[in-house]
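# Coordinates in review
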Amino acid sequence: MFKGIGASSGITIGKVLLLEKEDIHIQRTTIENVEEEKDKFKKAIDISKEQIEVIKSKAGEEQKSILDAHLMVLQDPELITSVEEKITSKKLNVEAALEDVLKTFISIFEAMDDEYMRERAADIKDVGQRAMMNLFGKEMTNLAELDEPVIIAAHDITPSDTAQMNGEKVLGFITDIGGRTSHSAIMARSMEIPAIVGLGSITKEVKTGDLVVFDGNEGIVMVNPEASIIKEYEERKEKEIAEKAELRKLVNSHTVSKDGRKIELASNIGNPKDAKKASENGAEGIGLYRTEFLYMDRANLPTEEEQFLAYKEVLKIMGQRPVIIRTLDIGGDKELPYLNLPKEMNPFLGYRAIRICLDQKYIFKTQLRALLRASVYGNLKIMYPMISSLEEIRQANSVLEEVKQDLQKENIDYSSNIEVGIMIEIPAAAVISHMLAKEVDFFSIGTNDLIQYTTAVDRMNEKISYLYNPFNPAVLALIKLVIDNGHKEGIWVGMCGEVAGDPRLIPVLLGMGLDEFSMSAASVLPARKQIQGLSYEEMQKVADKVLEMNIADAIEAFVKQYQ
Amino acid sequence: MISKTVVLKNDTGLHARPATLVIKEASKFQSNITFIKGTQESNAKSIMGLMAMGIKKGEEVEIKVDGPDEKETLDTIIALFESNFGE
């Protein structure tokens, strides 16, 4: 039994395919035939290029650009001449020469003060490994053409691995390194396959062909377990499949409580691909499109056209269903190296989100232009993040108005009925929500930040994580205040934080009168099932009772019965 | 051999995208092209070399071209810098 970090949920049972990449032992020798050595190098490079071209022909757009960069590294004249130079002048064998040159380049990139550039070191490692394997005449496991379904065990899963994987043949990942936000974890979740990462040295403990079972929720891997355990996992897996099938039946149904209260169940997304998944999972709208991902992992601001295309795609996927697109929310824990923002003592209380947008208006205007242009393709709603005062709403709206006028002058169409709303995630905004409600079309409560700001708990600080608690009575009182104030002014109120998809709190939020719940795509169907089984009238009483309670733990224990 | 000094104007420096453009253009010519910044220099056909120089906004780069098509080569590379790499 091995313990790691559960990175993608689900139960899986299958045979291991061990990706052996780390095991090449490079010896340094003095060679005699320089030409022969150089020839070996040239062949290894040529084969690597061919392999990448093959992978590229089957890859998606995102992966293609990574692979293009890999091809450019392989053909890099400095790389080639440096290796050849070492062979010629030092009479070094090609393997050692390549290793030395790669190390030099990797260390240059790893030492850079720019995170984006540091990440390029991984690309060089990745492509260097391929060339090295080819020098040894070992073929890298061809993940594109697996004969039977396997669980992949690897030190780490790299972008070029996932680029070539046939999702249907991969039953799960287990890796030595990584955390919940590493490439391997993110890819596993997006491919919807179970994964456990950060297992330490699992690649030393398993070999190809071993039978492995694990539950991605638990983070525990069992290798060649007894028959009784295999049977247990098989039963759990069957149950999981049956439950999923049961939930699938709810894809096209409405979210209505037993006594007829209709709710909108929406999904949080980061890109158009997520929108497809949300739609497949029965989301009735997009409650939060986090546009910052368009700005991340790149060297420059996305152009208006790039943004327009992404927004348009999401709007078209969702058709007439509402799509709330949040304007850029950068800063805090999300950095954009190319904006060269100074390091701050308290980034969560600092220069971020709407504060940046109202200061660097060209960034904001580009985004608003793209949004307005895309608005004709669906049901767009615009949402400003990190609002703490009425002035900010007015300023943001006046920029929006300017952009609208620009478009009119240029005869560019945009929808005439775009709702504009705000995130309520700063206690100040919650407290004056009766004032803010008069100037916006909707509220969406962002609980992740609202909890952290209300309780003065840095949600990244593990020492005080016990204080970061959605059952905190002050947090629940603020949520109720915001919903009531919104309704008094005739606007609807939604929620797009983690809490909205939390089965423990859904009954309370329903009772408080929340109109829209936005959550990850995977939570939509379970939430629909839950709400269909609840009575709104009864939950109103439950919510009232909860609001009278004064201890978080007691509230948590009390609401358990409605889960 | 001819050369000219230019100032990098794009906000994000010579990152992957502009560097890729330089290489794509540079590879169309036979001449040797060298970028020089202070004491650092790099072959302009090398992605790793160019990116490792870490050229930032406002920094001067000397572009040195040597070869049969040097005039045309230099003009093309300068034009790239002046167009801000299409950004």
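Looking at an unreviewed UniProt entry, chain B carries the name Phosphocarrier protein HPr, with the source organism given as Anaerovirgula multivorans. Quoted verbatim from the Subcellular location (unreviewed entry) heading of the UniProt record, the comment on chain B is "Cytoplasm".

Per an unreviewed UniProt entry, chain A goes by the name Phosphoenolpyruvate-protein phosphotransferase and belongs to Anaerovirgula multivorans. Turning to chain A, the UniProt record has this under Sequence similarities (unreviewed entry): "Belongs to the PEP-utilizing enzyme family."

This part is about the overall build of chain A. Across its full length, chain A holds 23 helices and 17 strands. Relative to its 563 residues, chain A shows a buried fraction of 44%. Here the contacts in chain A between residues at least 6 apart in sequence split such that 68% fall between residues at least 24 apart.

On average, residues of chain B carry a pLDDT of 89, and 99% of them reach 70 or more. On the interface metric, ipTM, the complex scores 0.82, and its pTM is 0.67.

Contact residues are listed per partner, giving 17 residues for chain B and 18 residues for chain A. Of all the elements in the fold, those that place two or more residues in the side of chain B that touches chain A are helix 1 (16-26) and helix 2 (47-53) of chain B. Counting residues per element, the side of chain B that touches chain A draws most heavily on helix 2 of chain B, which supplies five residues. Split by residue class, the side of chain B that touches chain A holds six nonpolar, seven polar and four charged.

Moving on to the packing of helix 3 (residues 77-90) of chain A against helix 4 (residues 94-110) of chain A. Residues and elements named next belong to chain A. At a minimum axis distance of 9 Å, the contact between helix 3 and helix 4 shows a crossing angle of 135°. Between helix 3 and helix 4, the crossing angle belongs to the class labelled oblique. When the axes of helix 3 and helix 4 are compared, the crossing they make is right-handed. Across from L79, S82, V83, K86 and I87 in helix 3, the residues of helix 4 making contact are V94, A97, L98, D100 and V101. Its residues assigned to classes, the contact of helix 3 with helix 4 comprises seven nonpolar, one polar and two charged.

What counts, and at which threshold
Residues numbered from 1 in each chain as written. Chains lettered and ligands numbered in written order. Predicted model: local features only at pLDDT ≥ 70, side-chain atom pairs only at ≥ 80, totals over all residues. UniProt positions renumbered as here; feature names shortened; annotations may be inferred. Helix = DSSP H or I, 4+ residues; strand = E, 2+ residues; numbered from the N terminus. Buried ≥ 20, exposed ≤ 12 C-beta atoms within 10 Å, placed from the backbone. Contact = placed C-beta atoms within 7 Å. pLDDT = per-residue confidence, 0-100. Nonpolar A, V, L, I, M, F, W, Y, C, P; charged D, E, K, R; others polar. Axes fitted to C-alpha atoms, helices over the stretch in contact; angles between N-to-C directions. Parallel < 35°, antiparallel > 145°, perpendicular 65-115°, else oblique. Left-handed = near helix turned anticlockwise from the far one by under 90°.

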